[in-house]
Each structure stands twice: as structure tokens, then as C-alpha cells.
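# Report on the structure
Each chain, written out:
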Amino acid sequence: MDFFTVSIFHLGKHVLCLPLLAAVIFVKVAFWVRILYRYRRPLSAIPGPTLAPWTRFWIVKTLASGRSHEIFIEINKKYGSLARIGPNHLITNDPATTRRILGVRSGYERGPWFDSIKIDPHVPNIVSERCEEKHRKLRHKLAASYNGKNVALMEPVIDKQIEFWISRAKREWTSPSSDNLKTFDIGRRLQFLTVDIITKICLGQELGMVASDSDKYDFLKTIQQGNAVCQHFSVLLEINTLMYYFAKIPYIGRVLVPKPTDLSGVGKILGIIHKIVEKRPDTKVEKPKDMLDAFINNGVPRHQIDPELAIALVAGSDTTSTSVQATLLAIITNPRVYRRLKAEIETCVSEGRAPGIIQDCESRQLTYLQACLSEGLRKFPPLSQLRERIVPPEGDIIQGIRVPGGTYVGFNAWGTQLNSVFGEDPEAFRPERWLIDDKERLQQMYQTQELIFGHGSTKCLGMPMALMELRKMIFELLRNFDITIANSYKPWSSTCRGIFFQEDFNVHMTLETFGKDTE
């Protein structure tokens, strides 16, 4: 007889203790039922952290750590390509499994994880919409706004913003010589540039962060603080449910739900968007000058435009900024890569192929630049969110294991990019892996790397525009400047909140001497 049972026996002698006795017995029975239930469930065959089968706290703790991307890699390395990370949660780093689940007719639906991406609990956007039919219709309307023609129309807009950034960097942020170095937070300024680009593309006017050299309207601060909290909504689903119902209560809803009239937070950003949308007429234009024009041309409903522009601003600025910063850091800390890419850029400039800001069609022809960008994205995917899908009601066989319907399957974005298809050194930054002659293997590599942007009906609509920005920005940075790390022991600080936030990416920049200046 254990201590617990003896205590119950003595408590039972006192009638006044009967309610407590009943509660204790209930807790003990519930505990053992839970144990038997967990171990008899089919998911018990899938290994994972000890705490994971019992509580979602393991996921919450992992997300709060700021290094969930690294922990997820460790989990799949330790427990295999399919691991259990919660009572009803699995994670996979297998590319084939990911493609199959994300396939158009896989039977898998978006899980409640996506509810955490809503800005308004009652208004889904292209990312958060979980109904497959509604998502398909919405995507069809939005996709036309992101087609090749509209992307081409946005190229001069991007060029102008980059040119202004380069001009300011030469005047104020560049060191006069290698004997008199200025320390310059290039990461922060690249964030400002990507925000100005995406706001100009979406709304027709930039926020002016580069010009003011500041986080105007606390845009970046709001995104960072919001993600730190909202990432937990994707696990603690009860919060989403409470938010949904509380938002229906008039007084509480006015406090909880962001509004364009708010003076701070997400509501303030919505206010900027809403004012511009309200002033724009419904008439179609022959040549859209921004995404708002394109949305109107393609019949996106007025009530849907605000949330779509909001999600585009958030997703389009942060992920692009992270990709540029991470790729730049990898290049400038690898002398061999730096020298080879510089040589390719110098040849391009000296041959007169980039008289001004390099055009996208020309940048695509630079094979080593392309290899560096592919490798940079593979090594540092800008998203690490689980983006869970729900196993169909009839269940499924995943990697030879029977998984019951209703189970959540998440994707290890970082772990997927360490797949053996990339060779024996997937953890190394080596652009040359993309320059091999094996076409079949290259195709497999690209298919795996492109999972960074989603797959099938969930593939990122803004990917072509983001890649164009990435090609141009890396080229122009290395064309105009010689860049070295200011603190080689700690080149930057990067925190993961599903998306990434960098600080103190301090460098020294001096003017590059080859080619023609963009000023």
C-alpha cells in the first residue's frame, strides 16, 4: 500500500473529508486512465521527447526558447524523420511526406494552427483561411495580382528604393577608408529597406523608414511583439476559441480586435492601410502602379483588401529581410565564396550589363549569384513555423506508421533543408553544390529547397517578387561596397518566433572601386 492510498484511508475516517476524498480518487483514476490511454493510442509507437505525449507544454517551451528551429532539427535527428512533439502533434522533416501532405487532393486540411495568423478573429486572410473551397477561390482572385506581368511592373519601384538606400549608405554609413572604420548596423537598415519596398509595392507609397532611418509607426516593433505572443496561440488553441467568442461581445470586442482607429499596435498599421484603400476608386486601371490597383482590377472584394494587404506587408517585409541578411552574412564570412561572387559581379559590371540597378533578367544569368542565393535560402529558411495539417478522418499511413485521423502533422522547415539529397555536407554553406551537372539530382534539390515557400495550393504567391528583391539587393550591396563583419565573435543576434528577428548585425563598409556607381 503506497503513501497515497494510506492517506486516502485515513481521510475516509472523517465524513467532512469525503468531498476531498472523492476529488483525490477522481484525480488518481483520471491519471491512470490518461496513462493507459496515451500508451494504447497509435501515436505511442512514434518516439519523441518524454514530456511530449502528456502535454503541449513541450511545444510551448520550445517556441518560447527563441531557438525552436534548432530544437526541431535535434528532435528529428534523435527520434527519426517522424517524431511526436505533443499529445496529438507530430513533426516531419521528410520532403516526400511534406509534398504528399501538402498536395492538392491529399485529404489533409489546415489545422487550427492557422487561426493564430488571423488579424481579426472573424475575417480570415489568404494565409489563415482553413476552408479549402474558400481558400481556393480567394487564392484564384489574388494569384492574378502576383502574376509575371504585375511583377514586371513592380521592378522599377524596387529599383528606385534600392537606389535611394545605396545613395544614403554611400553618404552616411560608409567608412572613408580601411584606416577609419564606422560600425554600421546593416541588418536594421535592410529591414527598413524591405519595409519601404513592400509598402510602396502594396500601397503606392513607402513608409519612409530609410529616409527617416527609424522604425516609423513602430511597424517592426509591433510585428516582433505580436509574433512573440501569437506563436503560442497556435498551440494553446483554447485562446483562439476564447478570442473568437469574446470578440463577439461588443465592449470586449472593441478592446481585443485591432481597429484602424487605434493609436498603436496592429490597429495603427491597419489604419495606414485603410486610409489609402478608402481613397482608391473602384475603377480598373490599364497598368497597376501597386498591388492595391491589382487587387481592384482582379475583383478582390473591398472587405478582403485590408486584411490581405496587412498580411502581405508583414510577410513580405520580414521574410525578405531575413533572407537578405542571412545570405549576406553567409557570403561575407566565407572568403572563398565572397571572392568568387565579387569576381562575377565585377565581370558583369565591366561588360556593361548593369549600367544602373541590375535588371532581374540579367541577374538570373549570373550562375554563381543564383547558386549563392539558393544556398542562402536553404541554409536559413526565413520561416520555421509548424504550419500543421490535420490527418483525414480515416487516418493515414505515414512512413509506414498508422496515424489516426485528427492528428496534427507539422513540418520541420529547417530540418528538411538538411536532407541527404544535398550531399554529405548539408550543414555547410557551399554554393557550388548547385553547379553540378547531374540534372536529376539538381531537380530533386530544387524540389526540396522550394518547400521553404510551401507547396501546391499553399505555395507563397509573393515568391517571384521576393526572389527578385533578393537577387537585386545582394548584387547591389556587393557591387557598391566591400563589407566585413565588425564583431567576428558574435556577428549578429537572431531570435526565432516562427519568423526571425535580427539585431546587432554590425559591419564595416567601404566603397567598392570596380564598375560604375549607381549614384
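These numbers were taken from a predicted model, which means no experiment stands behind them.

### What to know about a nonpolar patch on the surface
Residues L242, F246, I249, Y251, I252, V255 and L256 make up a contiguous nonpolar surface patch of roughly 640 Å² in combined accessible area. Put simply, the parts of the chain that give the nonpolar patch at least two residues each are helix 11 (237–246) and helix 12 (250–256). Ranked by residue count, the leading element in the nonpolar patch is helix 12, at four residues. Looking at the secondary structure, you find F246 in helix 11. By relative accessible area, which is 37% here, F246 ends up partly exposed.

### A closer look at the packing of helix 8 (residues 186–203) against helix 21 (residues 463–480)
One way to put it is that helix 8 packs onto helix 21 with a least axis distance of 12 Å and a crossing angle of 140°. With respect to each other, helix 8 and helix 21 are oriented oblique. In this structure, helix 8 crosses over helix 21, and the sense of that crossing is right-handed. Here helix 8 contributes I186, L190, L193, T194, I197 and I201 to the contact with helix 21, which in turn contributes M465, E469, M473 and L477. For the contact of helix 8 with helix 21, the class distribution of residues is eight nonpolar, one polar and one charged.

### Describing the pairing of strand 11 (residues 500–503)
Bridge count between strand 10 (residues 493–496) and strand 11: four bridges; the pairing is antiparallel. Within the sheet, the bridge partner assigned to C496 lies in strand 11 and is F500. Between the end of strand 10 and the start of strand 11, which pair antiparallel, lie three residues, with G498 showing a positive phi angle near 90°.

### With respect to the sheet that holds strand 12 (residues 506–511)
With antiparallel pairing, the three strands of this open sheet are ordered in space as 4-12-9. Here the strands that pair on one side only, and so sit at the sheet edges, are strand 4 (184–185) and strand 9 (481–485). Where strand 4 and strand 12 come together, two bridges link them in antiparallel fashion. When the sheet's bridge partners are listed, F184 is paired in strand 12 with V507. Contacts between helix 7 (residues 148–173) and the sheet are confined to strand 4, strand 9 and strand 12, with strand 9 contributing the most and set at about 65° to the helix.

### Examining the environment of F429
Checked against the element boundaries, F429 lands in the loop between helix 19 (413–416) and helix 20 (439–449). We classify F429 as buried; its relative accessible area is 13%. In the structure, F429 is positioned 357 residues away from F72 in sequence and 20 Å away in space, judged by C-alpha atoms. The residues contacting F429, other than those within four sequence positions of it, are A330, I331, N334, R336, V337, C372, E375, G376 and K379.

Calculation rules
Residues numbered from 1 in each chain as written. Predicted model: local features only at pLDDT ≥ 70, side-chain atom pairs only at ≥ 80, totals over all residues. Heavy atoms only, no water. Patch = residues over 30% accessible without salt bridge, like charges linked within 9 Å, V, L, I, M, F, W, Y side chains within 5 Å. Areas by Shrake-Rupley, 256 points an atom, 1.4 Å probe, with all protein chains shown as cover. Salt bridge = Lys/Arg side-chain N within 4 Å of Asp/Glu carboxyl O. Helix = DSSP H or I, 4+ residues; strand = E, 2+ residues; numbered from the N terminus. Buried < 20%, exposed > 50% of the residue type's maximum accessible area, 1.4 Å probe, protein only. Axes fitted to C-alpha atoms, helices over the stretch in contact; angles between N-to-C directions. Parallel < 35°, antiparallel > 145°, perpendicular 65-115°, else oblique. Left-handed = near helix turned anticlockwise from the far one by under 90°. Contact = heavy atoms within 4.5 Å. Nonpolar A, V, L, I, M, F, W, Y, C, P; charged D, E, K, R; others polar. Pairing = 2+ DSSP bridges.

The values are spatial; any link to function lies outside them.
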